[in-house]
Amino acid sequence: AQSVAQPEDQVNVAEGNPLTVKCTYSVSGNPYLFWYVQYPNRGLQFLLKYITGDNLVKGSYGFEAEFNKSQTSFHLKKPSALVSDSALYFCAVRGLPHAGTASKLTFGTGTRLQVTL
Amino acid sequence: NAGVTQTPKFQVLKTGQSMTLQCAQDMNHEYMSWYRQDPGMGLRLIHYSVGAGITDQGEVPNGYNVSRSTTEDFPLRLLSAAPSQTSVYFCASSRARGGNTEAFFGQGTRLTVV
């Protein structure tokens, strides 16, 4: 079964500093990896995805993520955090579907990012 | 485009009552799914569908039914609500079952069962 681990419930960063939100995954075969962000009382918004190719993926709002196959990780990064980045961040994984089935999206438990002045 | 629309946004039910959470998408997506979000547990898959007439169970299907009569709609039914079903429910859709496309989420339905 596929799974995602986000080891930090909360990450605290000062505005202007770099941020990293960690994610590791487990899946059979090559993974499709995603990051989503959730602002209070809102649905999830797609940030970026890794499908294949370059291990460094760039996404919305200046975020990027680095895929590391040997460490089965897909950490979310941003060079300079903003107070407006404060939100709940989810990592998710999909594996390739088996014949006759669909490829389900499995989420981590989420990491709350708090950016302060 | 409206994207994924969920109704209602808020609902309070008494134990044993039934209700249907509505989900509609206007992007002609094959794949639709329902998740529940609980504190500290992330999003857990309840049911999903890969196309009209095809549904399957996810991680936590007990107490919920779904049907998919059209591409656009994927309602979630609670037949006899229980306090354990108090949660925030999200509907999502994506373009293909192959896995390499991102999912689009509705705004959520906050359900309280008393």
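That block above? That's the structure.
Here is a short report on the structure shown in this document.

Conventions and cut-offs
- Residues numbered from 1 in each chain as written.
- Chains lettered and ligands numbered in written order.
- Predicted model: local features only at pLDDT ≥ 70, side-chain atom pairs only at ≥ 80, totals over all residues.
- Heavy atoms only, no water.
- Helix = DSSP H or I, 4+ residues; strand = E, 2+ residues; numbered from the N terminus.
- Buried < 20%, exposed > 50% of the residue type's maximum accessible area, 1.4 Å probe, protein only.
- Contact = heavy atoms within 4.5 Å.
- Areas by Shrake-Rupley, 256 points an atom, 1.4 Å probe, with all protein chains shown as cover.
- Lys, Arg positive; Asp, Glu negative; His and termini not counted.
- Charge placed at Lys NZ, Arg CZ, Asp CG, Glu CD.
- Disulfide = S-S within 2.5 Å.
- Phe/Tyr/Trp six-rings, centres within 6.5 Å; stacked < 30°, edge-to-face > 60°.
- Lys NZ or Arg CZ within 6 Å of the ring centre and 35° of its normal.
- Buried area = accessible area lost by both parts, 1.4 Å probe.
- Salt bridge = Lys/Arg side-chain N within 4 Å of Asp/Glu carboxyl O.
- Polar contact = N/O pair within 3.5 Å; in protein donor to acceptor, adjacent residues only side chain to side chain.
- Nonpolar A, V, L, I, M, F, W, Y, C, P; charged D, E, K, R; others polar.

1. What to know about the overall build of chain A
1) Next: Tallying secondary structure elements over chain A gives zero helices and 12 strands in all.
2) Next: Ordering the α and β elements of chain A from the N terminus gives β-β-β-β-β-β-β-β-β-β-β-β.
3) Next: Along the longest, intermediate and shortest principal axes, the C-alpha atoms of chain A span 50 × 30 × 25 Å.
4) Next: Taken across its 117 residues, chain A has 44% of its residues classed as buried.
5) Next: Look at the contacts in chain A between residues 6 or more apart in sequence, and 58% of them connect residues 24 or more apart.
6) Next: Carbon and sulfur atoms provide 49% of the accessible area of chain A, an area that totals close to 5,600 Å².
7) Next: Averaging the coordinates of the 10 positive side-chain charges in chain A and doing the same for the 7 negative ones gives two points 9 Å apart.

2. As for the state of the cysteines
1) Next: In this structure the tally under the stated criterion is two disulfides over all chains.
2) Next: The disulfide bridge from cysteine 23 of chain A ends at cysteine 91 of chain A, spanning 2.0 Å between sulfur atoms. The S-S bond linking cysteine 23 of chain A to cysteine 91 of chain A shows a torsion near -60 degrees; that makes this disulfide left-handed. Of this pair, cysteine 23 of chain A sits in the loop between β3 (19-21) and β4 (24-26) while cysteine 91 of chain A sits in strand β10 (residues 87-94), placing them 68 residues apart in sequence.
3) Next: The disulfide partner of cysteine 23 of chain B is cysteine 91 of chain B, and the gap between their sulfur atoms is 1.9 Å. Residues cysteine 23 of chain B and cysteine 91 of chain B share a disulfide whose torsion about the S-S bond is about -70 degrees; that sign makes it left-handed. Residue cysteine 23 of chain B is found in strand β3 (residues 19-25), and its partner cysteine 91 of chain B is found in strand β9 (residues 87-94); the two are separated by 68 residues along the sequence. For the pair cysteine 23 of chain B and cysteine 91 of chain B, a shared accessibility class is recorded, and that class is buried.

3. As for the packing of aromatic side chains
1) Next: Applying the stated criterion across every chain yields a total of 14 aromatic pairs over all chains.
2) Next: Ring centres of tyrosine 36 of chain A and phenylalanine 46 of chain A lie 6.0 Å apart, and the angle between their planes is 70 degrees; this geometry places the pair in the edge-to-face category. Separated by 10 residues along the polypeptide, tyrosine 36 of chain A in strand β5 (residues 32-38) and phenylalanine 46 of chain A in strand β6 (residues 44-50) bring together distant segments of the chain.
3) Next: Through a chain of ring-to-ring contacts, the aromatic side chains of Phe34, Tyr36, Phe46, Phe90 and Phe107 of chain A together with Tyr35 and Phe105 of chain B assemble into a single cluster.
4) Next: It is arginine 94 of chain A that lies over the ring of tyrosine 31 of chain B; its NZ or CZ is 5.1 Å from the centre.
5) Next: Cation over ring: arginine 68 of chain B sits above phenylalanine 74 of chain B, and NZ or CZ is 6.0 Å from the ring centre.

4. A word on the interface of chain A and chain B
Many structure descriptions define interface size as the accessible area lost when the parts assemble.
1) Next: Across the contact, 25 residues belong to chain A and 24 residues belong to chain B.
2) Next: For the pair chain A and chain B, the summed buried area comes to about 1,900 Å², and 52% of that belongs to carbon and sulfur atoms.
3) Next: Our count for the chain A to chain B interface comes out at one salt bridge.
4) Next: Our count for the chain A to chain B interface comes out at seven residue pairs in polar contact (both at pLDDT 80 or more).
5) Next: Looking at the side of chain A that touches chain B, the elements that each hand over two or more residues are β5, β6 and β10 of chain A.
6) Next: Partitioning the side of chain A that touches chain B into residue classes produces 13 nonpolar, eight polar and four charged.

5. So, unusual backbone geometry
Comment: phi is negative for the bulk of residues other than glycine, and the bulk of peptide bonds are trans.
1) Next: Of note, the amide linkage connecting threonine 7 of chain B to proline 8 of chain B takes the cis form, showing an omega dihedral of -10 degrees.
2) Next: By the element assignment, proline 8 of chain B lies in the loop between β1 (4-7) and β2 (10-13).
3) Next: Even without being a glycine, asparagine 41 of chain A presents a positive backbone phi close to 60 degrees.
4) Next: In this structure, asparagine 41 of chain A sits in the loop between β5 and β6.
5) Next: Classification of asparagine 41 of chain A by relative accessible area gives exposed; the value is 66%.
6) Next: Located in the positive-phi region is threonine 72 of chain A, a residue other than glycine, with phi close to 45 degrees.
7) Next: Tracing the backbone shows threonine 72 of chain A in the loop between β8 (64-68) and β9 (73-78).

6. Comments concerning the pattern of salt bridges
1) Next: Enumeration over the complete set of coordinates arrives at six salt bridges over all chains.
2) Next: A salt bridge links lysine 78 of chain A to aspartate 85 of chain A, with the shortest nitrogen-to-oxygen separation between them at 2.8 Å. In terms of burial, lysine 78 of chain A and aspartate 85 of chain A fall into one category: buried.
3) Next: Put simply, aspartate 38 of chain B and arginine 36 of chain B hold a salt bridge, and the shortest N to O gap is 2.8 Å. Like arginine 36 of chain B, aspartate 38 of chain B is buried.
4) Next: Connected through salt bridges with shared partners, the residues Arg36, Asp38 and Arg44 of chain B form a single ionic network.

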